[in-house]
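Structural overview
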Amino acid sequence: MSHHLVECREVSFTYPDGTPALRDISFRITHGEAVAVIGANGAGKSTLLLHLAGVLLPQSGTVRVGDVLVDSSHLDEVRRTVGFVFQNPDDQLFMPTVFEDVAFGPRNLGIPEDQLENRVLEALRSVGADHVRDRAPYHLSGGEKRAVSIATVLALQPKILVLDEPAANLDPVNRRKVIRLLTQFSHTRILATHDLDLALDVCDRVLILHQGRITADGNAETILRDENILRQNGLELPLRFQGPMLPKD
Amino acid sequence: MSAGLLDRALSEVRSLDTLSRQSTPVHRLDPRTKLILVFMFVGVVMSFPPYTLLALLPYAAFPLWLAASGRIPGGALYRKLLLVLPLAVFVGILNPIFDTTPRMVPGIGSVAGGWLSLGSILVRFFLNAATGLLLLGTTGVLSLTQGMEALHFPRVFSTLFLLMYRYLFILTEEVLRLNQARRCRSSARSSLTPSLAGAMIGSVLLRAWDRADRITTAMRMRGFTGTPPRLTPLHWTATDTRVLVFWTAYFLLCRGWNLPVLLGRVVVGLLS
């Protein structure tokens, strides 16, 4: 079985306070696919992504990454395969310099010191952030922080990239840069987003989550042009399909 | 502490971080050299009896050397020291009231013991705090962590130091944002009441807890299993040995002999 495959079967999860977050979630994502998980606030998107990386474990059903079952005994293997980019880069960047932050993961994997620099610089170059290697994370702009947080994950050479709101809080230029970056990767990509235009640009498949259930799963353009489906799930058409706003009488 | 002061304190710490990226002879020293010297310095300065004042003065040479060779501007250092000065004053403020026993100071005459011990606390505070700040400003937190590890400090300690320093900024920013939100919804007359302050502190703690949880998750996602991060190896040079030997000898010399008094006697002897 390919290491790039992700499969959920009848996954359910309820938070300790009794809030049901996922109900009977089933899907299969294959090698090289780019999939957007969309839905209104509280639909369960982030909870689903945390299950794919083994941060949360399903209370019923199974999650598989490649041929590995995501459970407490296989977390190391899962985390070597899945790279998770958090919504807030400040949660991801904790070392005093960008270089040390990107090197953190490879060092934990035991990469020898003589190969480390190349690995770090390659990851930074791939996101266009090699010029900030010696800067402190808090001195970076929002766009740079986002790029570096993606680099910290790329340095681990994961097979699957999972990104939670990759363009949140970015200005239009930096948002465009992130979109360009994500379209260049050949990894299997799974991203949760409210930015439906980004979903259209990056992904060929869309999953809609509504109240913890998958209510639509299919071709990105077909689903994102269907105003009825979107409205039923508390969403709107992507901006590019909304037509000009007419002045009110 | 007001939000303005907190904000200023944060930018002062950041400026130290920027200064630590310079390349001067002091910055190029092995962090172990500076760590050993600073620990020795603090130990020796604190080992003097409580009424010592003049014998402490020659120790100012060490922070002055660090600041001059490390090109750390005096103004920046002075502002940071002022920020923490109230703590030192708080420690010794009652001494002049409770300790009125007269004591002789060479060259000055009889002084109440309380004033002498307060002066001694303030001098030690300035020496130690300035040296600590200069260590950070000439070494940087990452090199300091490397030095600690190389000196076999417990690894948990060096990792905690590293992460606490990083998250100092984020938590302080959290406090500032919370306070800004409060001020935007307060009238000019309403002040920060104890109950409101309590609620805000609680909120910051809960946010800190949440954030710590997310950070731990992010670290574990990148292979962290509880063993602190390994850092680049260090290199000890002949300059490090020379600097270490010179300052160790100087600290011991000043501990064994009261240099200002000796100097005074020599000058008086020459003049008479």
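Residues numbered from 1 in each chain as written. Chains lettered and ligands numbered in written order. Predicted model: local features only at pLDDT ≥ 70, side-chain atom pairs only at ≥ 80, totals over all residues. Heavy atoms only, no water.

Within chain B one finds 12 helices and two strands. Each helix (α) and strand (β) of chain B, taken in turn from the N terminus, gives the series α-α-α-α-α-α-β-β-α-α-α-α-α-α. Once the C-alpha set of chain B is aligned to its principal axes, its extents read approximately 70 × 55 × 30 Å. Counting only residues that meet the buried cut, chain B has 41% of its 272 residues in that class. Accessible surface for chain B amounts to roughly 14900 Å². Of this, 70% is attributable to carbon and sulfur atoms. Positive and negative charge centroids in chain B, built from 27 and 11 side chains respectively, lie 3 Å apart. (Helix = DSSP H or I, 4+ residues; strand = E, 2+ residues; numbered from the N terminus. Buried < 20%, exposed > 50% of the residue type's maximum accessible area, 1.4 Å probe, protein only. Areas by Shrake-Rupley, 256 points an atom, 1.4 Å probe, with all protein chains shown as cover. Lys, Arg positive; Asp, Glu negative; His and termini not counted. Charge placed at Lys NZ, Arg CZ, Asp CG, Glu CD.)

It is worth spelling out the sheet that holds strand β6 (residues 82-85) of chain A at this point. Residue and element names in this part refer to chain A. Strand order in the open sheet made by the six strands is β6-β7-β8-β3-β9-β10, with mixed pairing throughout. Of all strands in the sheet, those with a lone pairing partner are β6 and β10 (213-219), marking the two edges. Mean inter-strand twist for the sheet, computed between neighbouring axes without regard to direction, equals 15°. Each of β6 and β7 (160-164) touches helix α6 (residues 142-154); the most contacted strand, β6, lies at about 165° to it. (Pairing = 2+ DSSP bridges. Axes fitted to C-alpha atoms, helices over the stretch in contact; angles between N-to-C directions. Contact = heavy atoms within 4.5 Å.)

Another point: helix α3 (residues 31-46) of chain B. Residue and element names in this part refer to chain B. In this model, α3 (16 residues) spans 22 Å end to end at C-alpha, consistent with the 22 Å of a helix rising 1.5 Å per residue. Next to the buried residues of α3 lie α2 (25-28), α4 (61-69), α7 (113-139), α8 (141-150) and α11 (238-256). Among the residues of α3, the N-terminal cap falls to D30, whose side-chain oxygen and the backbone nitrogen of R32 are separated by 2.8 Å. (Expected span 1.5 Å × (residues − 1). Polar contact = N/O pair within 3.5 Å; in protein donor to acceptor, adjacent residues only side chain to side chain.)

All right, on to the interface of chain B and chain A then. In this complex, chain B contributes 29 residues to the contact, which on the side of chain A involves 31 residues. Taking both sides of the interface into account, the surface hidden between chain B and chain A amounts to around 2800 Å²; carbon and sulfur atoms contribute 57%. In this structure, the connection of chain B to chain A is made through three salt bridges. Residue R214 of chain B pairs with D91 of chain A through a salt bridge whose shortest N-O separation is 2.5 Å. Our count for the chain B to chain A interface comes out at five residue pairs in polar contact (both at pLDDT 80 or more). Sorting the residues of the side of chain B that touches chain A by element identifies α1 (3-19), α8, α9 (155-184) and α10 (194-221) of chain B as the ones contributing at least two each. Looking at the side of chain B that touches chain A residue by residue, the classes come out as 15 nonpolar, five polar and nine charged. (Buried area = accessible area lost by both parts, 1.4 Å probe. Salt bridge = Lys/Arg side-chain N within 4 Å of Asp/Glu carboxyl O. Nonpolar A, V, L, I, M, F, W, Y, C, P; charged D, E, K, R; others polar.)

It is worth spelling out the packing of aromatic side chains at this point. The tally for this structure, following the rule as stated, stands at 17 aromatic pairs over all chains. A ring pair is formed by F13 of chain A and Y15 of chain A, whose centres lie 5.1 Å apart and whose planes are at 90°; its orientation type is edge-to-face. Judged by relative accessible area, Y15 of chain A falls into the partly exposed class, the value being 29%. An angle of 40° between the planes, with centres 5.2 Å apart, marks the rings of F41 of chain B and F62 of chain B as tilted. Of this pair, F41 of chain B sits in helix α3 while F62 of chain B sits in helix α4; the two residues are 21 residues apart in sequence, bridging distant segments of the chain. Accessibility classification places F41 of chain B together with F62 of chain B in one group, the buried group. Here the aromatic residues F41, F48, Y59, F62, W65, F246, W247, Y250 and F251 of chain B are joined through ring pairs into a cluster of three or more. Just above the ring of F48 of chain B sits the side chain of R255 of chain B; from NZ or CZ to the centre is 4.1 Å. (Phe/Tyr/Trp six-rings, centres within 6.5 Å; stacked < 30°, edge-to-face > 60°. Lys NZ or Arg CZ within 6 Å of the ring centre and 35° of its normal.)

Here we take up the side chain of T172 of chain B. All names here are of chain B. With respect to the helices and strands, T172 occurs in helix α9. When its relative accessible area of 12% is taken as the criterion, T172 is described as buried. When sequence neighbours within four positions are dropped, the list of residues in contact with T172 reads L6 and L10.

Residues and elements named next belong to chain A. At their nearest, the axes of helix α4 (residues 98-108) and α6 sit 7 Å apart, and the two run at 30° to each other. Considering the angle they form, α4 stands roughly parallel to α6. Of the two possible hands of crossing, α4 and α6 adopt the one that is right-handed. For the pair α4 and α6, the contacting residues are V98, D101 and V102 in the first and V148, A151 and T152 in the second. (Parallel < 35°, antiparallel > 145°, perpendicular 65-115°, else oblique. Left-handed = near helix turned anticlockwise from the far one by under 90°.)

With that out of the way, let us pick up the domain arrangement of chain B. All names here are of chain B. Each assigned domain of chain B is listed here: domain 1 (1-153) and domain 2 (155-185 + 192-225). Counting residues at the interface gives 15 residues for domain 1 and 14 residues for domain 2. The interface formed by domain 1 and domain 2 includes one salt bridge. A salt bridge links R155 to E149; the shortest N-O distance between them is 3.2 Å. (Domains from an automatic or database assignment.)

Judged by nonpolar contacts, the single largest core of 50 residues is most densely connected at I38, V102 and V148 of chain A. At six residues, α6 of chain A tops the list of elements feeding residues into this core. Apart from residues lying up to four places away in sequence, I38 of chain A is in contact with K45, T193, L196, V206, L207, I208, L209, L224, L230 and L235 of chain A. Membership of the second largest hydrophobic core comes to 45 residues, among which are L37, A88, F125 and C254 of chain B. (Core = buried A, V, L, I, M, F, W, Y, C linked by side-chain atoms within 4.5 Å.)

The next thing to look at is the pattern of salt bridges. All names here are of chain A. Taken as a whole and assessed by the stated rule, the structure comprises 24 salt bridges over all chains. Residues E33 and R205 are paired through a salt bridge, measuring 3.1 Å at the closest nitrogen-oxygen approach. Taken together, the residues span a long stretch of sequence, with E33 in the loop between β2 (20-29) and β3 (34-38) and R205 in strand β9 (residues 205-210) at a distance of 172 residues. Here E33 falls in the buried class, since its relative accessible area comes to 17%.

Let's shift gears to unusual backbone geometry. Note: most peptide bonds trans; most residues except glycine with negative phi. Residue and element names in this part refer to chain A. Although it is not a glycine, E10 adopts a positive phi angle of roughly 50°. Phi angles above zero are rare outside glycine, and Q211 is one such case at about 50°. Following the sequence through the fold, Q211 ends up in the loop between β9 and β10. Under the relative-accessibility criterion, Q211 is labelled exposed at 54%.

With that settled, consider the sheet that holds strand β5 (residues 68-69) of chain A. Residues and elements named next belong to chain A. Judged by pairing direction, the sheet is antiparallel, and its four strands sit side by side in the order β2-β1-β4-β5 without closing on themselves. The open sheet has two free edges, formed respectively by β2 and β5, since each of these has just one partner strand. Bridging between strand β4 (residues 60-65) and β5 involves two bridges; their strand directions are antiparallel. Paired with V65 across the strands is V68, a residue of β5.

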